[in-house]
Amino acid sequence: LAKTTQPISMDSYEGQEVNITCSHNNIATNDYITWYQQFPSQGPRFIIQGYKTKVTNEVASLFIPADRKSSTLSLPRVSLSDTAVYYCLVGDVANNAGNMLTFGGGTRLMVKP
Amino acid sequence: GAGVSQSPRYKVAKRGQDVALRCDPISGHVSLFWYQQALGQGPEFLTYFQNEAQLDKSGLPSDRFFAERPEGSVSTLKIQRTQQEDSAVYLCASSLVPDTQYFGPGTRLTVL
């Protein structure tokens, strides 16, 4: 499984756009990029997944350059409730039924008033 | 009750005691995973079931850890002779095959 590297922590203010970048230099051809969010005392929650270019849903956008060696999770106009740990994962989700998720340390996002 | 549920939410055990942690996956989800999350770290894989079959237990840290899913639905993670290093949050996740994993709230185990 491809190893990911992301910042340990980030601070932001309410209403700002937050971009969290993840490096995955040895991503494989069949790997997808998935982001999870985890609040204290809760399990991780799926946010978004993509393979290339840009994916957008009601929560976030995911930007993936052509070489796929990195990806950026974009959270528009964050609020205090977006304070959480964000994990970037890569793996062959589509073809591996027993696809355990390999989490790194994640990025602790603190949103301030 | 649409999500994954786990019980108990908190468990305190004395060193040497056995504990059993329960996971109720989302109805119809074939795959079930157990993860261990130490304080300040990301979850780490323990074991994986597809229906009642345990297909991967490579993440179980020792033979004191045992998981079962006898009817392909509810799963139990059992830890025998608990040690202080077993203190962690134990997360259960379920999914269709293959698809997004949905996590429960976890059981926080504290071994004194």
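Here's a quick rundown of the structure. All chains use their own residue numbering, which begins from 1 and follows the written sequence. Key to labels: chains lettered from A, ligands numbered from 1, both in the order written. It should be noted that, the model being predicted, local features are given only for residues of pLDDT at least 70 and side-chain atom pairs only at 80 or more, the latter also being counted only at that level, while totals for whole chains, interfaces and linings use all residues. Computation of side-chain values covers all heavy atoms of the structure but excludes hydrogens and water.

**Considering the overall build of chain B**
A run of H or I in DSSP becomes a helix once it reaches four residues, and a run of E becomes a strand once it reaches two; helices and strands are each numbered from the N terminus. Within chain B, the secondary structure is distributed over zero helices and eleven strands. When the elements of chain B are put in sequence order from the N terminus, they spell out β-β-β-β-β-β-β-β-β-β-β. Throughout, the radius of gyration refers to the C-alpha atoms, and the reference size of a globule is 2.2 Å times the residue count to the power 0.38. Against the globule reference of 13 Å for 112 residues, chain B gives a C-alpha radius of gyration of 13 Å, in line with a compact fold. Here the C-alpha coordinates of chain B stretch approximately 35 × 25 × 25 Å along the principal axes. Buried, partly exposed and exposed residues are distinguished by accessible area as a fraction of the type maximum, computed with a 1.4 Å probe on protein chains only: under 20%, between the cut-offs, and over 50%, respectively. Residues counted as buried form 46% of the 112 residues belonging to chain B. Between two residues, a contact is recorded if the distance between any of their heavy atoms is within 4.5 Å. Partitioning the contacts of chain B with sequence separation of at least 6, the portion at a separation of at least 24 is 52%. In short, Shrake-Rupley with a 1.4 Å probe defines the accessible areas, and a residue's cover is counted only from the protein chains shown. Carbon and sulfur atoms form 46% of the exposed surface of chain B, whose accessible area is close to 5,500 Å². Computed over 11 positive and 11 negative side-chain charges, the separation of the two mean positions in chain B equals 9 Å. As used throughout, the charge tally considers Lys and Arg to be positive and Asp and Glu to be negative, leaving His and the chain termini uncounted. The atom standing in for a charge is NZ when the residue is Lys, CZ when it is Arg, CG when it is Asp and CD when it is Glu.

**Some points on the pairing of strand β11 (residues 107–111) of chain B**
Residue and element names in this part refer to chain B. Burial of the side chains of β11 is restricted to one face: Thr107, Leu109 and Val111 are buried, whereas none of Arg108 and Thr110 on the reverse face is. DSSP bridges decide pairing: two strands pair if at least two such bridges lie between them. Strand direction decides the pairing type here: strand β2 (residues 10–13) and β11, joined by four bridges, are parallel. By the bridge assignment for β11, Val12 is matched with Thr110. For strand β9 (residues 88–95) and β11, the ladder comprises three bridges, and the chain directions are antiparallel. Considered in β11, the bridge of Tyr90 is made with Thr107.

**Section: the packing of aromatic side chains**
Paired rings are identified among Phe, Tyr and Trp, the last through its six-membered ring, by centres lying within 6.5 Å, and are further divided according to the angle between planes into stacked (under 30 degrees), edge-to-face (over 60) and tilted (the rest). Inspection of the entire model under this criterion finds twelve aromatic pairs over all chains. Considering the side-chain rings of Tyr36(A) and Phe103(A), the 5.9 Å spacing of their centres and the 65 degrees angle between planes classify their relative orientation as edge-to-face. Highlighted residues: Tyr36(A) in strand β3 (residues 32–38) and Phe103(A) in the loop between β8 (84–91) and β9 (107–112), separated in sequence by 67 residues. With relative accessibility at 2%, the residue Tyr36(A) sits in the buried group. Here Phe103(A) falls in the buried class, since its relative accessible area comes to 10%. Where Phe33(B) meets Tyr35(B), the ring centres are 6.3 Å apart and the plane angle is 25 degrees; that geometry is what we call stacked. Here the two residues Phe33(B) and Tyr35(B) agree in accessibility, since each one is buried. Charges are assigned to positions over rings by a cutoff of 6 Å between ring centre and Lys NZ or Arg CZ, combined with an angular limit of 35 degrees from the ring normal. The side chain of Arg68(A) reaches across the aromatic face of Tyr51(A), ending 4.0 Å from its centre.

**Thoughts on the sheet that holds strand β4 (residues 45–50) of chain A**
Residue and element names in this part refer to chain A. Overall, mixed pairing links the five strands, which are arranged β1-β9-β8-β3-β4 in an open sheet. What marks the edges here is a single partner per strand, and that holds for β1 (9–13) and β4. The mean angle between the axes of side-by-side strands here comes to 25 degrees, regardless of whether they run parallel or antiparallel. Alignment of β8 against β9, held across three bridges, turns out to be antiparallel. Every angle, taken between N-to-C directions, lies between 0 and 180 degrees, and every axis is a line fitted to C-alpha atoms, over only the stretch in contact when it is a helix.

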